[in-house]
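Below, each chain spelled out in residue letters.
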Amino acid sequence: MRLFPRTLCAAGRAAWRESFPLEGRDVARWFPGHMAKGLKKMQSSLRLVDCIIEVHDARISFSGRNPLFQETLGLKPHLLVLNKMDLADLKEQQKIIQHLEREGLKHVVFTNCVKDENVKQIIPLVTELVGSSYRYHRGEHVEYCIMVIGVPNVGKSSLINSLRRQHLRKGKAARVGGEPGITRAVMSRIQVCERPLMFLLDTPGVLAPRIPNVETGLKLALCGTILDHLVGEETMADYLLYTLNRHQLLGYVQHYGLGEACDDIASVLKRVAVKLRKTQKVKVLTGTGDVNVIQPDYPAAARDFLRAFRGGLLGPAMLDLDLLQGRPAEEP
Ligand SMILES: Nc1nc2c(ncn2[C@@H]2O[C@H](COP(=O)(O)OP(=O)(O)OP(=O)(O)O)[C@@H](O)[C@H]2O)c(=O)[nH]1
Ligand SMILES: [Mg+2]
């Protein structure tokens, strides 16, 4: 169970690789077929698009974005929307923006698409970006066509719905869900604004995240970008505890009434299970007869730990703090 070092020491590296091989073909099975197919269609529609809005999770501002599309993009204006800002620890927001600028990302907006926070900034920014791009000089087109892309479950459909609420006072057009892979229709064209006339193409989370190392994979998994059962909830819970302790995000101590921070996932999950009354009686055969033993339901506890994190109940998080502070993810 103890896969990750609890402190900043590098112990346990070998265990990462052994317990969680992420290289090559293994990553491919994380992405259901329809997502991979969507990429081709998306590329063929790029011609029609005036601006790309890339949505990503603000808790992993640097990790997992797929740089591949940038090659396809060419000179198209590009806006990075870092969504789920309500779940992100943005104390270092300026540093994050500077870090992204150094990577060539000049236009970044932090949003909460559930509460429509900062979403109003997007259309004026898009209009400005398109206006100062080559497309402006084509003249004959009055409407703007925007493509929303990003890795699964970052809130692409939620952004579209939020834009519609803000600019058209209309309700849901795109289906939203808590799991990756919700948007399945390959390409729908959705109006989001009357003046200027603006359409968005919703895409089915087609971009496969870039996963250069195990930690990036686990960060993406914690943010719900990869289906949990493909990664393993207990492994994810283990990494979650490691990363919370590493960044001194100790909200879990209070949330579960643990009294103090703990670096052992088995004992944390045990206490979570007891608190949630997720225990089961198991008969154990001993030399002197059967004994009933109370056993914690570790998978249920791990699931609750992940759910609490994702719901923001353990406090806001910035999983890329290591990258921001120049302490890159440890390679296996
Ligand atoms: N807390 C929080 N949750 C959000 C926000 N935006 C979206 N969500 C939630 O994140 C989940 C995924 O949202 P979607 O809009 O379906 O994401 P998507 O990128 O379209 O997902 P796929 O179509 O599966 O690729 C849903 O449960 C949303 O309610 C946000 O700003 N804050
Ligand atoms: Mg969607």
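Residues numbered from 1 in each chain as written. Chains lettered and ligands numbered in written order. Predicted model: local features only at pLDDT ≥ 70, side-chain atom pairs only at ≥ 80, totals over all residues. Heavy atoms only, no water.

Caption draft 1: Here's a closer look at the pattern of salt bridges. Counted under the stated rule, the structure contains 13 salt bridges. Two residues, Glu233 and Arg303, come together in a salt bridge whose shortest N-O distance is 3.1 Å. Here Glu233, found in helix α10 (residues 233-246), pairs with Arg303, found in helix α13 (residues 298-310); they are 70 residues apart in sequence, far enough to count as distant. Residues joined by salt bridges that share partners form a network here, namely Glu215, Lys219, Arg246, Asp320 and Asp322. (Salt bridge = Lys/Arg side-chain N within 4 Å of Asp/Glu carboxyl O. Helix = DSSP H or I, 4+ residues; strand = E, 2+ residues; numbered from the N terminus.)

Caption draft 2: Seen up close, unusual backbone geometry. Across the junction of Arg195 and Pro196, the peptide omega takes the value 0 degrees, indicating a cis bond. Structurally, Pro196 is set in the loop between β5 (188-193) and β6 (198-202). Phi angles above zero are rare outside glycine, and Asn118 is one such case at about 65 degrees. Here Asn118 is to be found in the loop between β3 (108-110) and α6 (122-131). Despite not being glycine, Arg277 shows a phi value in the positive range, around 60 degrees. Inspection of the secondary structure assignment puts Arg277 in the loop between α12 (265-275) and β7 (279-286).

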